[in-house]
Amino acid sequence: MARYLVSGGAGYVGSHLVDLLVRQGGEVVVIDNLRQGHRAALPHAVELIEADIADTDALDDAFESGPFHAVFHFAALSLVGESMRQPLRYLRENVGGGLTLIDACIRHNVKRFVLSSTANLFSDTGTGPIAEHATIAPGSPYGESKLIIERALHWADTCHGLRSACLRYFNAAGSDPEGRLGEDHDPETHLIPLVIDTALGRRPPLTVFGDDYPTADGTCVRDYVHVSDLAHAHLCALRQLDTRSVTYNLGTGEGFSVLQVIKAVEQISGRRVPYRIGARRPGDPATLVAASTLIRTEANWHPKLTDLTTIVKTAHTWRAAHPLGYGDRGVLEEARPGALPLDPTKGRALGTQYLGAS
Ligand code: UFG
């Protein structure tokens, strides 16, 4: 039975991959500091090492429980907007943690490494789908941090024979169609869960970050790719590592604007989504749509949950059923003027109805 180490495996995309690996009969060890991850997102059979990947001793302990067929690396700070405010933190944590993990893989003779990379390596690319050979120009320190890890993996292969798959996700979205796993960030900053929470009356009106972009309706266009399809892509890419390292862009090839996402949520929830137009968010490119033909043709990836309605529906189902997310966080947020009332036991906003959220 193959054994895998998954960094950040208790997080959003990581937990969907862990679930898939376990379903396929794999043995999985997760290393996660649980800053964004949730124990409740992991099956009981999975061993959790609650530690940071920058902790060399913890990593060495984790590798002692190998040998691992492959290491999947998700653990990272991942917010474009936040990285524009805290550039050095992003570079320090993502680069430092990633290099420490790669170094441990080399020392412990791991031969396959799959990186959760990002579309934020590309910016100002126009409106067409972005292929792997498009000009790399990270749109933010977050994207830059992933680029540095991609380059480190190139040299780890060249000099040490550590093969790698760099998977550049466009916008991961949706939830496990069976409704067991979902998206639960704290704070939540991603568009689809925020729009859903607004529809459910759990948040004040949404702010659309800019309507003066060079797109059809003026709002940013993104390629939303279902998280279960992303998880499958990891297994497709992993098989390629038997012979060589690969880099793939992962998306559906279709872009949707912020206003189109709002409309989709309104249709699925049957509720109006109140919103206002605000300023642009620094670091946001106008359009990011993937040309993901390479992984489809080379690695036989066939995403199944590709339409926006299905993606939003799965996200809505989990979000509506889990008002407190995984419910395993206990940090009380500082009350802000106009903020939602908090559940004092969980520190999360509860389902108060806002005026205008019918
Ligand atoms: N948006 C709003 N209002 C909000 C939140 C988001 O208008 O309250 C807009 C953003 O400006 C952006 C779009 O919705 O245009 C999507 O924003 P997200 O925050 O959901 O996602 P990002 O595109 O910023 O980033 C995500 C991941 C990154 C990854 C990137 C790749 O968080 O890790 O997709 O495209 F790099």
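Before any of the text, the structure's been laid out above.
Think of each chain on its own: its residues are numbered from 1, step by step along the sequence as written. Note on the predicted model: pLDDT of at least 70 is required for a residue's local features to be given, and 80 or more for side-chain atom pairs to be given and counted; whole-chain, interface and lining totals, by contrast, use all residues. Only hydrogens and water are set aside; all other atoms, that is, all heavy atoms of the structure, feed into the side-chain values.

### Quick word on the overall build of the protein chain
Working step 1: Numbered from the N terminus, helices here are DSSP runs of H or I no shorter than four residues, and strands are runs of E no shorter than two. Looking only at helices and strands, one finds 10 helices and 16 strands in the protein chain.
Working step 2: C-alpha extents for the protein chain along the principal axes are approximately 60 × 45 × 35 Å.
Working step 3: Contacts in the protein chain between residues far apart in sequence, at least 24 positions, make up 77% of those at least 6 positions apart.
Working step 4: For the area figures, the Shrake-Rupley method with a 1.4 Å probe applies, and any residue is considered shielded solely by the protein chains shown. In the structure as shown, the protein chain presents an accessible area of about 15300 Å², 53% of it carried by carbon and sulfur atoms.
Working step 5: In the protein chain, the 34 positive side-chain charges and the 41 negative ones have mean positions that sit 3 Å from each other. Contacts between residues were defined by any pair of non-hydrogen atoms, one from each residue, lying within 4.5 Å. His is not counted, nor are the chain ends, whereas Lys and Arg count as positive and Asp and Glu as negative. For charged residues, the charge sits on one atom: NZ in Lys, CZ in Arg, CG in Asp, CD in Glu.

### Re the packing of helix α4 (residues 87-107) against helix α5 (residues 141-160)
Working step 1: Across the interface, α4 lies against α5 with an axial gap of 9 Å and an inter-helix angle of 20 degrees. Of the possible angle classes, the one that applies to α4 and α5 is roughly parallel. Like other packed secondary-structure pairs, α4 and α5 cross with a definite hand, here right-handed. In this structure, α4 uses P87, Y90, L91, N94, V95, G98, L99, I102 and I106 to contact α5, whose residues at the interface are P141, Y142, E144, S145, I148, I149, A152, L153, A156 and H160.
Working step 2: In this classification, the charged set is Asp, Glu, Lys and Arg, the nonpolar set is Ala, Val, Leu, Ile, Met, Phe, Trp, Tyr, Cys and Pro, and all remaining amino acids, among them Gly, are polar. Here the residues of the contact of α4 with α5 sort into 14 nonpolar, 4 polar and 1 charged. Axis definition: a line fitted to C-alpha atoms, over the contacting stretch in the case of helices. Angles run 0 to 180 degrees between N-to-C directions. Each angle is binned into one of four classes, with values under 35 degrees roughly parallel, values over 145 roughly antiparallel, values of 65 to 115 roughly perpendicular, and all other values oblique. For a crossing to be left-handed, the near helix must be turned anticlockwise from the far one by less than a right angle; the clockwise case is right-handed.

### Observations concerning helix α2 (residues 56-64)
Working step 1: Throughout, exposure labels follow a simple rule: accessible area from a 1.4 Å probe, protein chains only, divided by the maximum for the residue type, with under 20% read as buried, over 50% as exposed, and the rest as partly exposed. Every buried residue of α2 is listed here: A58, L59, A62 and F63. In an axial view of α2, the angular spread of the buried residues amounts to 135 degrees, which keeps them on one side of the axis. Of the exposed residues in α2, the ones pointing more than 90 degrees away from its buried face are D57, D61 and E64.
Working step 2: N or O atoms closer than or at 3.5 Å make up a polar contact, with two conditions inside protein: a donor-capable atom paired with an acceptor-capable one, and, for residues adjacent in sequence, both atoms drawn from side chains. The N-terminus of α2 is capped by D55, whose side-chain oxygen sits 3.2 Å from the backbone nitrogen of D57. Read the arc as the range of directions from the helix axis to the C-beta atoms.

Any link to function would need more than the numbers given here.
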